[in-house]
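# Reading the structure
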Amino acid sequence: MIQAFGLTSNPRKELPPAVDDVSFEARAGRVTALLGAPGAGKTTALRLMLELQQGRGVTYFRGRPLRRIAHPSREVGVLLGDVPGHPARTVRSHLRMLCAAAGVPVRRADEVLEVVGLVSLREERLGTLSRGMDRRLGLACALLSDPHTLVLDDPVGGLSARESRWLYGMLRAHAHQGGTVLITATDPKEAARTADRIVTLEEGRLVADQEAADFSRTRLRPRVAVRTPHAARLATLLTKEARTAQRSVEVVREGGSRLSVYGSTCADVGETAFRHGILVHQLADEIGDMGPGAGEALSDAPRATQGGYRLDAIREPDIAAQGPASVTAPGRAKAQPKPPADEPPSDATAFRPEAPDGTDRSPSTVAHEGHLAPGGEREVPSPLAQDGQADQGEVGAMRLVAEADHSGAHEPDSAGAADVSDRTATSVQTSTSADSATTGQPSAGAAPHPAKGASPQDPTRLRPAAGVATLNALSELPPPISVRPAPSPLRPLRYELRRAAGVGTGFLTGAAVLVVSALTAALLARVGHTPQHRLLAAWPQELPLPPAALGAGLLGAFAFGDEFRHPALAADRGTVPRRLGLLAAKLVVSAATALLLAFLTVGCDAEVLYLLYGRELAQVPADWLPLSASWFGLVIGCAWAGVLAAGIFRSTTAGLAAVVAVPVVVVPLVQKALEGPAVRTAAGFPLRLREGLLLQWPFGGERYLSAAARMIAQPVGGALTLSLMALLCAYVLTTLRSRVR
């Protein structure tokens, strides 16, 4: 079950907030649809609920806010937009990688593939999937952790009718199993067919919260679509005949040669046109969308429908004269007269019920349920607690009673009262002055004398019912929503291994490095004047780094660069979580990859030199131990520099640039700092190191420490060490800064 209270986005410069004080409820075992035109605030409302965007409000998922759920992916499955996976990754590999991130067994990937019908496409690349297959994969990603709640933004956007029916069938099956489904939709007819409850948004505000049956009755009305070159004449004739026959017929001009006739049939309209010799080009039964304000009658002024046509409503005088509660069509009430122009506009958020002690107990958010309790009372969930946090698992209730004065007159609204007729569900019918008159008693809280200029048709006012518990919240605004940090993979090492092995980029890079290194070693051996250790590493004096070091740095940069380019780990926010566990896993995997690449490079170079020039150039150097330590340290350092730089600057190119900058920029600076005569030297360091250790290390461990110290003392080793320390500190600082934000 989802309970959202007071969702309000931050204003954008001079523009109003995209979502303003939206409260609704999505129950378990049902499909709930957020309906609205593009730009109505549906996606923003979902992002506020999922704590992906700053604003105000609170949302409970089965009684708990999302930030207090240990593993949100196991509670809420989310699909916002397309699946942002690497286009070269296969469907099965992508799901197996996400299994490691969610901490579920790898067999779950095959299970969801079977559920969504992608078993035959499991080896297909993500970049080759059609729109329908991509939505199936997105649903599979949302179902991967077997969540109770599904939150999907426009799940059928761009799909065919067949794919849409299949997807809605999947969502219906999930709801029948006891899950909660919340989707967004732009087509009212489609929402009425697929959802159990429909919440309508217009310009960021809640205008209706109805059951699907009530929504269909009040907004989706049957009509006769007529296209004729004599639209004005036919409209006049239809109106005249309906008035003569005392029938409730509404004719709406939709611009040009189109008419929409409500309350009539094709036969009646066709007979009228035939009798008067009017040419008709189209005559068909349709289901018309009355727009978000369908619960209220059309105003006298022209209004625009969702399709953008200008509608001029033609109503019958005798029906309009029957009073404010007359009905022009089944299930649709006539609009009440508007309040005087000098009366300030009302706002539901300004409603301030008073406690018995006279203190202001007003909330900033009121959830409009769209239905009335027995007796004409409306139940409204309680807003936020006094300290800005909602009570855990408990939602109070307040009953607001819409009552009219027995004489039909009301006093003017005070500054704290507001008319909520524009914010309530379209299926709600408030009590009129005639209803109060039949009781013979004045309504609770009504003024003893009518106000000057009050009209019997004034909108009813909402007052707290006597004896009902008031809201226990004192705060004017709902609590602020802080952006929830992206979760770290529950199994980061396994996730990183599957991420690196699931794409062929790493294998192609390694193969290219081996080929370039072998060719470079052969050319250096042919030219001569190259030391043997540089010959085996294919490192000429003219290049800042050998091919193996550059390849290791590039592979390290891919570790974070691909994550930011294709953020599959945090698809709902388009970023990568800055967690030390994920960083440690990437450093371990990149180090292992660099070691393997360094070993294969030396082996391939030695084999090529042996085949071309004999055994002399392929011999192992006498000082192979320190040279091997320096070689492996250089390659690993380049790989780590690529990982850290790509994580800081969020780009593969920046990671590779940082690797190249070490020998080009940092090494000359270190060499200049070490130039000149030294007063003291570190002679005898190995002996003092051996004496300083209380215990003798097994297998001559002090020798390795001494070799590491000598490597760091070299200009390249020192520069690489300084660069790694600087990049690591920068990464930690950016991580802490993001958490502080």
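The structure reproduced in this document is the subject of the present report. Positions within a chain are numbered from 1, following the residues in the order the chain's sequence is written. In view of the model being predicted, local features appear only for residues whose pLDDT reaches at least 70, and side-chain atom pairs are presented and counted only at 80 or more, with totals across whole chains, interfaces and linings using the full set of residues. With hydrogens and water stripped out, all remaining heavy atoms of the structure feed into the side-chain values.

### As for unusual backbone geometry
Counted only if it meets this: Secondary structure counts use DSSP, requiring at least four H or I residues in a row for a helix and at least two E residues in a row for a strand, with both numbered from the N terminus.
One non-glycine residue, Asp21, adopts positive backbone phi at about 55 degrees. Topologically, Asp21 is positioned in the loop between β1 (2–9) and β2 (22–26). Phi angles above zero are rare outside glycine, and Gln246 is one such case at about 60 degrees. Looking at where Gln246 falls in the secondary structure, it is placed in the loop between α8 (231–244) and β12 (250–253).

### Considering the nonpolar core
The criterion, for reference: Buried Ala, Val, Leu, Ile, Met, Phe, Trp, Tyr and Cys residues form a nonpolar core when they are joined through side-chain atoms within 4.5 Å. For every residue, the accessible area obtained with a 1.4 Å probe (protein chains only) is divided by the maximum for its type, and the residue is called buried under 20%, exposed over 50%, and partly exposed between those limits.
Counting residues in hydrophobic clusters, the biggest one holds 92 residues, and the most contacted among them are Leu137, Leu139, Leu171, Ile183 and Phe560. Per-element accounting of this core gives the leading share, twelve residues, to helix α17 (residues 624–649). Met49, Leu80, Leu201 and Leu206 belong to the second-largest nonpolar core, a separate cluster that totals 26 residues.

### Things to note about the pairing of strand β4 (residues 55–61)
Put simply, the test is: Two strands are counted as paired when DSSP detects at least two bridges linking them.
Within β4, six of the seven residues are buried, which leaves the element mostly enclosed by the surrounding structure. Pairing analysis gives six bridges linking β1 to β4, with the strands arranged antiparallel. For Phe5, the partnering residue across the bridge sits in β4 and is Val58. The sheet contact formed by β4 and strand β22 (residues 480–481) spans two bridges and is antiparallel. By the bridge assignment for β22, Gly55 is matched with Ile481. Relative to strand β5 (residues 64–65), β4 runs antiparallel, the two being bridged by two bridges. Within β5, the residue paired with Tyr60 across the bridge is Pro65.

### Observations concerning the environment of Gly132
Stated precisely, the cut-off is as follows: Whether two residues touch is decided by their heavy atoms; if any such pair falls within 4.5 Å, the residues are in contact.
Mapped onto the elements of the fold, Gly132 is located in helix α4 (residues 131–143). Through-space distance from the C-alpha of Gly132 to that of Ser164 is 8.7 Å; in sequence the pair is 32 residues apart. Here Gly132 is in contact with Leu159 and Glu163, once residues within four sequence places are set aside.

### Thoughts on the pairing of β2
For β2, the tally of buried residues reaches five of five residues, placing the bulk of the element in the interior. Burial along β2 is two-sided: the face carrying Val22, Phe24 and Ala26 and the face carrying Ser23 and Glu25 are both buried. With four bridges connecting them, β1 and β2 associate as antiparallel partners. Across the sheet, Gln3 pairs through a bridge with Glu25, a residue of β2.

### Structural notes on a nonpolar patch on the surface
Heads up, the condition is: A patch is a set of surface residues, each over 30% in relative accessible area and not in a salt bridge, joined within 9 Å for like charges and within 5 Å for the nonpolar side chains Val, Leu, Ile, Met, Phe, Trp and Tyr. Per-residue accessibility takes into account occlusion by the displayed protein chains alone, with areas from the Shrake-Rupley method and a 1.4 Å probe. The rule for a salt bridge is simple: a side-chain nitrogen of Lys or Arg has to be within 4 Å of a carboxyl oxygen of Asp or Glu.
Residues Leu550, Val660, Val664, Val665 and Leu669 make up a contiguous nonpolar surface patch of about 390 Å² in total accessible area. When residues of the nonpolar patch are assigned to their parent elements, the largest contribution, four residues, is made by helix α18 (residues 652–674). Positionally, Leu669 belongs in helix α18.

### Remarks on α17
Quick reminder of the rule: Expected span, for any helix, means 1.5 Å times one less than how many residues it has.
Counted at 1.5 Å a residue, the expected span for α17 with its 26 residues is 38 Å, and the 37 Å between its end C-alpha atoms agrees. Where α17 terminates, the next one or two residues include Arg650, which has phi positive at roughly 60 degrees.

Function cannot be inferred from these measures alone, as they are strictly geometric.
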